[in-house]
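The residues making up each chain are set out below.
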Amino acid sequence: MYNAAWSHGKYTLIGDALHTAHFSIGSGTRLAMEDAIALDKALAAHSDVPSALTAYEGARRPILEKLVAGANGSADWYEHFAEHMRLKPVDFAMSYITRSGRIDLERLRNLSPQFVARYQLEHAKLSITGVKEG
């Protein structure tokens, strides 16, 4: 979640004061540091504070919206943890890896081709036999 209004006059919010992200994505400190860096760059690039704050928000808002959406997806995954525990190990792993919506199958294939190959092999067996193998 993030605030609709980021600034008031010469004051602006950064980090957890501006946005919170579910702890499961492990990005809180990183986001705060990136906010501070973006604010510093905007202040250095603009001669007046209102323009700098507008530029800061313009640079950060799309990034934060995407990350907060991912954090919300991850939080939702944890809300249904018991359901995920009933999955086969490879399906549980895939569910966990993709929980935030930030990693899809193609990105995962680039990061971990062996895992994706195993996942696809397991699902190929299921589709051929129609029976889950244990």
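Scroll up for the structure.
Since the model is a prediction, treat every value here as computed from it, not as a measurement.

Caption draft 1: The pattern of salt bridges, seen in detail. Summed over the entire model, instances satisfying the criterion amount to six salt bridges. Across the pair Asp35 and Arg60 runs a salt bridge whose closest N-O atoms are separated by 2.7 Å. With Asp35 in helix α2 (residues 28-45) and Arg60 in helix α3 (residues 49-79), this residue pair connects regions lying 25 residues apart in the sequence. A relative accessible area of 0% places Asp35 in the buried class. When its relative accessible area of 4% is taken as the criterion, Arg60 is described as buried. Linking Glu122 and Lys88 is a salt bridge whose minimum nitrogen-to-oxygen distance equals 3.1 Å.

Caption draft 2: Representation of the packing of α2 against α3 in the model. At a minimum axis distance of 8 Å, the contact between α2 and α3 shows a crossing angle of 155 degrees. Comparing the axis directions of α2 and α3 gives the class roughly antiparallel. You can see that α2 and α3 cross each other, and the crossing is right-handed. In this structure, α2 contributes Arg30, Leu31, Glu34, Asp35, Ala38, Leu39, Ala42 and Leu43 to the contact, and α3 contributes Ala52, Leu53, Ala55, Tyr56, Arg60, Leu64 and Leu67. Here the residues of the contact of α2 with α3 sort into eleven nonpolar, no polar and four charged.

Caption draft 3: Spatial organisation of the packing of aromatic side chains. Applying the stated rule across the entire model yields seven aromatic pairs. Each ring, one from Trp77 and one from Tyr78, has its centre 5.0 Å from the other, and the planes form 80 degrees; the classification is edge-to-face. Three or more aromatic residues link up through ring pairs in this structure, and these residues are Trp77, Tyr78, Phe81, Phe92 and Tyr96. The lysine or arginine in question, Arg99, covers the ring of Tyr96, its NZ or CZ lying 4.0 Å from the ring centre.

Caption draft 4: Just helix α5 (residues 89-97), in detail. Among the residues of α5, Val90, Asp91, Met94 and Ser95 are the ones counted as buried. Along the axis of α5, the buried residues cluster in a sector spanning 135 degrees; they form a single face.

Caption draft 5: Summary view of the side chain of Asp91. Structurally, Asp91 is set in helix α5. Buried charged residue Asp91 carries no salt bridge. Nearest counter-charge: Lys88, at 5.0 Å. Leave out the neighbours within four places in its chain, and Asp91 touches Tyr119 and His123.

Caption draft 6: The arrangement of the nonpolar core in detail. Counting residues in hydrophobic clusters, the biggest one holds eleven residues: Trp6, Leu18, Leu31, Ala38, Leu39, Ala42, Ala52, Leu53, Tyr56, Leu64 and Leu67. Those elements giving two or more residues to this core turn out to be α2 and α3. Looking at this core, the element that brings in the most residues is α3, giving five residues. With residues up to four places along the chain from it excluded, the contact list for Tyr56 reads Trp6, Thr12, Leu13, Ile14, Leu18, Asp35, Ala38, Leu39 and Ala42. Counting residues in hydrophobic clusters, the runner-up holds six residues, among them Val90, Met94, Phe115 and Tyr119.

Basis of the calculations
- Residues numbered from 1 in each chain as written.
- Predicted model: local features only at pLDDT ≥ 70, side-chain atom pairs only at ≥ 80, totals over all residues.
- Heavy atoms only, no water.
- Salt bridge = Lys/Arg side-chain N within 4 Å of Asp/Glu carboxyl O.
- Helix = DSSP H or I, 4+ residues; strand = E, 2+ residues; numbered from the N terminus.
- Buried < 20%, exposed > 50% of the residue type's maximum accessible area, 1.4 Å probe, protein only.
- Axes fitted to C-alpha atoms, helices over the stretch in contact; angles between N-to-C directions.
- Parallel < 35°, antiparallel > 145°, perpendicular 65-115°, else oblique.
- Left-handed = near helix turned anticlockwise from the far one by under 90°.
- Contact = heavy atoms within 4.5 Å.
- Nonpolar A, V, L, I, M, F, W, Y, C, P; charged D, E, K, R; others polar.
- Phe/Tyr/Trp six-rings, centres within 6.5 Å; stacked < 30°, edge-to-face > 60°.
- Lys NZ or Arg CZ within 6 Å of the ring centre and 35° of its normal.
- Arc of directions from axis to C-beta.
- Lys, Arg positive; Asp, Glu negative; His and termini not counted.
- Core = buried A, V, L, I, M, F, W, Y, C linked by side-chain atoms within 4.5 Å.

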